[in-house]
Amino acid sequence: MPYLTKSKQIAAIGAELPPFPSVIQQLLDHLREDSAPFDCLVRIARTDSVVSSAILSAANRLRRMRLQPDTSDMFSAASLIGTNKLQQIVISAGMNHFVSECSGQRFFYEHSLAVAIVAHELAMLTQVSTDEAYIAGILHDIGQLAYFIVDAKRYQEVRHQVEQGGDLLALEAEGFGLNHCEVGLLLGSHWQLPQNILLAIGTHHDSSNRWQNKLHAVIHLAETICRGLDLPHSPHNHVLSVNASALEYLGLSWESPALQDLFARSSVRFAFSKTGAN
């Protein structure tokens, strides 16, 4: 049975996945310097046809509401939607295309997208980088893709055992040598993602109450919320417990109006996500 190890295979698996979006790497490089200038964001967006199309689509929706003709000029489109929306589209369109192209697994993609949306919403309430939250959310289970590359049939058997009540991480480690959090951490390192995102990917199942930073708690909580909201729908979406310490660490309360609004917004955003309007 194939085993994943830290010394080999990760680079080979990474080579079998589509290239990590250069548009995201460029944006992350600029965000490490605190901010990305508007004209720089436009130049980055122009290098990716999927991102460019999403920006033009968002801008032209606004123009049609104003009874104005469509534009094909990227700078005009970006100026209309503004810097914050532009940055969000670069992240969401680039990452959504990457994960959907990677997986070929509909539920995997939709679950990753749902966690990214909820993480983005949580980030806005907790002074966490919304860009890092979205990227960490959509990549949090990326390690599972490695199993489909190594031995898809075996991983389907693992998932079946989990559905019968088995422990996911333990069964993954037994079948493949590493659980998907560990594999995701190695893949993220291979792609040279920022340390905060690597930590969130590698620890999103850790409920030991030792929160390393707010992004760690956001991704952990986002996955719980997605299962509670049944996003995407699955008969296996059960929430057996909620880590109250994550809420406390983030300064949130289940009863707060802000969190109740978050549940509604996240559900609506997920429902419209296939249109690119998330």
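Heads up: these notes are all about the structure in this document. Each residue is numbered by its place in its chain's sequence as written, counting from 1. Selection of residues for local features in this predicted model requires a pLDDT of at least 70, selection of side-chain atom pairs for listing and counting requires 80 or more, and totals for whole chains, interfaces and linings are taken over all residues. Hydrogens and water molecules were not included; the side-chain quantities draw on all heavy atoms of the structure.

## Remarks on the packing of helix α7 (residues 106-126) against helix α8 (residues 130-139)
Part 1 of the argument: Simply put, an axis is a line fit to the C-alpha atoms, just over the touching stretch for a helix, and the angle between two N-to-C directions goes from 0 to 180 degrees. Secondary structure elements follow DSSP: runs of H or I of four or more residues count as helices, runs of E of two or more count as strands, with numbering from the N terminus. Packing of α7 against α8 leaves a shortest axis separation of 7 Å and a crossing angle of 155°. The orientation of α7 with respect to α8, classified from their angle, is roughly antiparallel. Of the two elements, α7 crosses α8, and the hand of that crossing is right-handed. Listed contacts from α8 to S112, L113, V115, A116, I117, A119, H120, A123 and M124 of α7 are T130, A133, Y134, G137 and I138.
Part 2 of the argument: Taken together, the residues that form the contact of α7 with α8 break down as 10 nonpolar, four polar and no charged. Working definition: roughly parallel below 35 degrees, roughly antiparallel above 145 degrees, roughly perpendicular at 65 to 115 degrees, and oblique for all remaining angles. Should the near helix be turned counterclockwise from the far one by less than a right angle, the crossing is left-handed, whereas a clockwise turn marks it as right-handed. Whether two residues are in contact is decided by their heavy atoms, any of which lying within 4.5 Å being enough. Polar here means any residue other than Ala, Val, Leu, Ile, Met, Phe, Trp, Tyr, Cys and Pro, which are nonpolar, and Asp, Glu, Lys and Arg, which are charged; Gly is therefore polar.

## Looking at helix α9 (residues 143-163)
Part 1 of the argument: With 21 residues, α9 ought to run about 30 Å at 1.5 Å a step, yet its terminal C-alpha atoms sit only 19 Å apart, falling short of that.
Part 2 of the argument: Largest kink in α9: about 125°, centred on D151.
Part 3 of the argument: Within α9, burial applies to G143, Q144, L145, A146, Y147, F148, V150, R154, Y155 and V158.
Part 4 of the argument: Looking one or two residues past α9, G165 carries a phi angle of roughly 110°, positive in sign. The span you would expect from a helix comes to 1.5 Å times its residue count less one. Two axes are fitted around each residue, one to the seven residues ending there and one to the seven starting there, and the angle between them is reported as the bend at that residue. Three exposure classes are used, based on accessible area relative to the maximum for each residue type with a 1.4 Å probe and protein chains only: buried under 20%, partly exposed in between, and exposed over 50%.

## Quick look at the side chain of T71
Part 1 of the argument: Structurally, the position occupied by T71 is in the loop between α4 (49-65) and α5 (74-81).
Part 2 of the argument: The class of T71 is buried, set by a relative accessible area of 15%.
Part 3 of the argument: Whenever two N or O atoms come within 3.5 Å, that pair is a polar contact, provided that in protein one can donate a hydrogen and the other can accept it, and provided that, for residues adjacent in sequence, both atoms are side-chain atoms. A distance of 3.1 Å separates the side chain of T71 from the backbone nitrogen of D73, its partner in a polar contact.
Part 4 of the argument: Beyond its immediate chain neighbours, meaning those up to four positions away, T71 contacts L56, N60, R63, S76 and A77.

Take it as geometry only, folks, not as evidence of what the structure does.
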